[in-house]
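# Structural characterization, general
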Amino acid sequence: MSRVPARARFGLTLLIGLGVLSLVAGRLFPEALASTCPLGMDPTRPDRTVCELAFGGLWVSLAVGLAAGALSTLIGLTVAAVARLTGGAVEQAILRAVDAVFALPDVLVVMVLQLAGQSLSDAGMGGGLGPFGLMVASLALVGWAGPARMFRNRLATLESQEYVTAARALGGGGVHLLRVHLWPALRPFALAVFLSRLPAAILTESTVSFFGIARMEPMSLGRYLGTSYAALIYEGGGRVVLPAWALLVLLVLGASLASQALQSAPRRAA
Amino acid sequence: MRLVAQKLTRQLVLVPLVAVASYFLMTTLPLTTETEAKRQVSKELAASYQRDLGIGEPLGFLRPWEKLFRGERLGTSAQGITGDELLLKLSGSVGVGLMALPLALAWALGFALLRTRWRRGKWAALGDAVPAVAFGTPVFIPALLLAPGVVERGHMLPELCAALVISVWPGIFLGTLVGDSLETELSRDYVRTALGKGLSRGTVLRRHVLPNVWPALLDAVGPVATSLLAGSFAAERVFGLPYFGQLYVLAVLNKQVAVVVVATTTFASLLVLVSLAVEVVRYAVDPRSREATT
C-alpha cells in the first residue's frame, strides 16, 4: 500500500467509504435511515425520505459503475490483446473500428441501445437481461473503445522493452509474452483504466436515467433526480438535489483521483 | 496532404456507417402491438414504423431520407418531424452550443489564471478539486438548480441559461489543459532565450508560446464539441427548449424509430463536420501537422 500514491489512496478510500456507507445505510439499516433523515420526505414520493432515496440511489449508481467499468475494461483489454497478437492489417482495422466507436457520443448511443434492449425485453427476447443488466451492457458496449486504445498503446510501448525482446528471441510466443511478461506490467495500468471508466459510466447512466429512458428499480441517483425534476422546479427542491449531487460528485471525485494518480505514478521495472 | 485526405475520408466514412448501422438495428427491433405486451404500441405508430423504414423494400434504408427530402413527415403525425423542422431544431441546439462556446472559453481563461495563482499559495488543492467537481457534475444538476428562477419566474433567457450550464465542464476542461500546456511551454529553454534576447513577455507569448499551445487546444475541441452538444440534451429537457436534444429524447421515449435513425446520423454528421474543421485549422496553424503530411 505504501507504493500507492497518496492521492490514489485518498481516492480509493473515498470510493470504498461511499460503497460501505451506501451498503450500510441504504441496504442494511434502511429503517434507521428513514427515521433519522434530517432532510425530510421527498416531495414526489411522500412515503420515502430524501436520505433513503439518495443512499439507495448511490448504491445502484456505484453498482452500475463498477459492473460497467469492469466489463468495458475487460472488453477493451481483450480487443487490445487481439489487435497486438494479430498485428498488421487486422490491427489497423481494429484500430479504425475503435476510433469510430470512440467518436460517438456515449449518451446518444446508450439511449439507442436502451431503446433496442427494452424493445427486445418487451417482446420477450431480452435474454434474461433486466434493466440493470441492460444498462451495464449498454455502457460496456459504448465504453470499451477508450480502454482498448489505451491498452493497445501501453502494450505497444511495453513490447519495445528489452526484456520482451529477449523473451521473444528465446522463442516466447505472443500469448506467452502477454501472459507471463506483459500482463504483470500492465496490471496496475488496468486498475487505473478501470477506475477511469467508473466515473464515465456513472455519469452516462445518470444522464440517461435522468431522461427517464432507463427503467431501473430501485432508482439510481440519476433516475431519482429525473423522476423528481418537474416537481423540483416548482417546489424549490435544492434540499433534494444537493445531497444526490454531493454523493455523485464524491463518487466521481474518488474514482478520478485514484485513476489519475495511478496512471501518473512512476512505473517500476517489471 | 495525402495523410490529411486519409484522415478526412476516415471521418466521412463514419456518417454512412452510423446511418446504415442505426437503420438495421432499428428495423430488427420487434414492435410489440399485442395487448398482453408490457408496453403497447399504437396502431398509428406501427403504421408509421412500416411506412417510414421501408422494411422489406430494396434500398429501404434510404426511405427515411427520401421522405425528409420530399418534405414528408417522419414518425406519427403528433410527434413526427419534417426535414425543415429537423433543421430548425438542429439550428436551435447548434445556436445554444455556439453561445456556450465563448462562455466555455471565458471559464477556461478564468480557471487557467486562477489555477496559476493558486498553485503558488495555500489554495493549490483547489486547482485539482475544481476540475473533479466540474467533471462529477452532470449538466442536469446545475440546470435543475437554475430552473426555478428561469422556468417559473422567467428571470433569464432559457437559451442563455442552457448555454451557461453546458459550458462549465468544457470550460474547466479547456482551462486545465491550456493551463498545463502553457506552464510546460513557459518553462522551456526557448522562452528563456527569447526573453534574454530582449523580446517582451507579450511578444514571446504571442509569437513563440501560443503556437505551441494551439495543438493541445485543437486536440480538446472534439471532446468539447461532443460535450457541448450532448450536454445540450439535458439542458434542453430541463429548461423545456424544443430543440434537437428534446426531439431526440422524445423520439427514443416514444419509439419513433425513423426519427431516431435520422437524428443519430445527423448528430454523427455534425461531429464529423467539427472534426473536419479542426483538421483544417490544425493544418493551417500547426507547422508540425503540415510537415507530417508532406
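Residues numbered from 1 in each chain as written. Chains lettered and ligands numbered in written order. Predicted model: local features only at pLDDT ≥ 70, side-chain atom pairs only at ≥ 80, totals over all residues. Heavy atoms only, no water.

### With respect to the overall build of chain B
Tallying secondary structure elements over chain B gives 12 helices and zero strands in all. Ordered by position from the N terminus, the helices and strands of chain B form the series α-α-α-α-α-α-α-α-α-α-α-α. Its C-alpha atoms put chain B at 80 × 55 × 30 Å along the principal axes. For chain B, with 294 residues in total, the buried portion stands at 47%. Sequence separation of 24 or more characterises 65% of the internal contacts of chain B that already satisfy a separation of 6 or more. In chain B, 29 positive and 21 negative side-chain charges are present, and the distance between their average locations comes to 8 Å. (Helix = DSSP H or I, 4+ residues; strand = E, 2+ residues; numbered from the N terminus. Buried < 20%, exposed > 50% of the residue type's maximum accessible area, 1.4 Å probe, protein only. Contact = heavy atoms within 4.5 Å. Lys, Arg positive; Asp, Glu negative; His and termini not counted. Charge placed at Lys NZ, Arg CZ, Asp CG, Glu CD.)

### Overview of the overall build of chain A
Looking only at helices and strands, one finds 11 helices and zero strands in chain A. Listing every helix and strand of chain A by position from the N terminus yields α-α-α-α-α-α-α-α-α-α-α. Dimensions of chain A, computed from C-alpha atoms along their principal axes, come out at roughly 70 × 50 × 30 Å. In chain A, which comprises 270 residues, the proportion classed as buried is 51%. The long-range share in chain A, meaning contacts at least 24 apart out of those at least 6 apart in sequence, stands at 74%. Total accessible area computed for chain A in this model is approximately 11,600 Å², and 66% of it derives from carbon and sulfur atoms. Computed over 20 positive and 13 negative side-chain charges, the separation of the two mean positions in chain A equals 13 Å. (Areas by Shrake-Rupley, 256 points an atom, 1.4 Å probe, with all protein chains shown as cover.)

### Re the UniProt feature "transmembrane region" (unreviewed entry) in chain B
Per the UniProt record, "transmembrane region" (unreviewed entry) is annotated on residues 12-31, 94-114, 126-151, 157-178, 216-235 and 257-281 of chain B. Within residues 94-114 of chain B, the helical portion is 100% and the strand portion 0%, while the C-alpha atoms at the span's ends are 30 Å from each other. (UniProt positions renumbered as here; feature names shortened; annotations may be inferred.)

### Brief notes about the pattern of salt bridges
According to the stated counting rule, one finds 11 salt bridges over all chains in the structure shown. A salt bridge links A:E91 to A:R152; the nearest nitrogen and oxygen atoms lie 2.8 Å apart. Here A:E91 is found in helix α4 (residues 88-103), whereas its partner A:R152 is found in helix α7 (residues 145-159), with 61 residues between them in sequence. Of the two residues, A:E91 and A:R152, neither departs from the other in class, the shared state being buried. Between B:E185 and B:R188 there is a salt bridge whose closest N-O contact spans 3.3 Å. B:E185 sits in the buried class, given a relative accessible area of 9%. Beyond isolated ion pairs, a larger network of salt bridges with shared partners links A:R84, A:E91, A:R152 and A:E159. (Salt bridge = Lys/Arg side-chain N within 4 Å of Asp/Glu carboxyl O.)

### Considering the interface of chain A and chain B
Opposite the 42 residues of chain A that make contact, chain B presents 40 residues. A combined buried area of about 3,800 Å² lies between chain A and chain B, and 79% of that area is made up of carbon and sulfur atoms. The interface formed by chain A and chain B contains zero salt bridges. When residues of the side of chain A that touches chain B are traced back to their parent elements, those giving at least two are α4, α5 (106-122), α9 (174-210), α10 (221-235) and α11 (238-264) of chain A. For the side of chain A that touches chain B, the element with the most residues is α5(A), which contributes 10 residues. When its residues are assigned to classes, the side of chain A that touches chain B shows 29 nonpolar, nine polar and four charged. (Buried area = accessible area lost by both parts, 1.4 Å probe. Nonpolar A, V, L, I, M, F, W, Y, C, P; charged D, E, K, R; others polar.)

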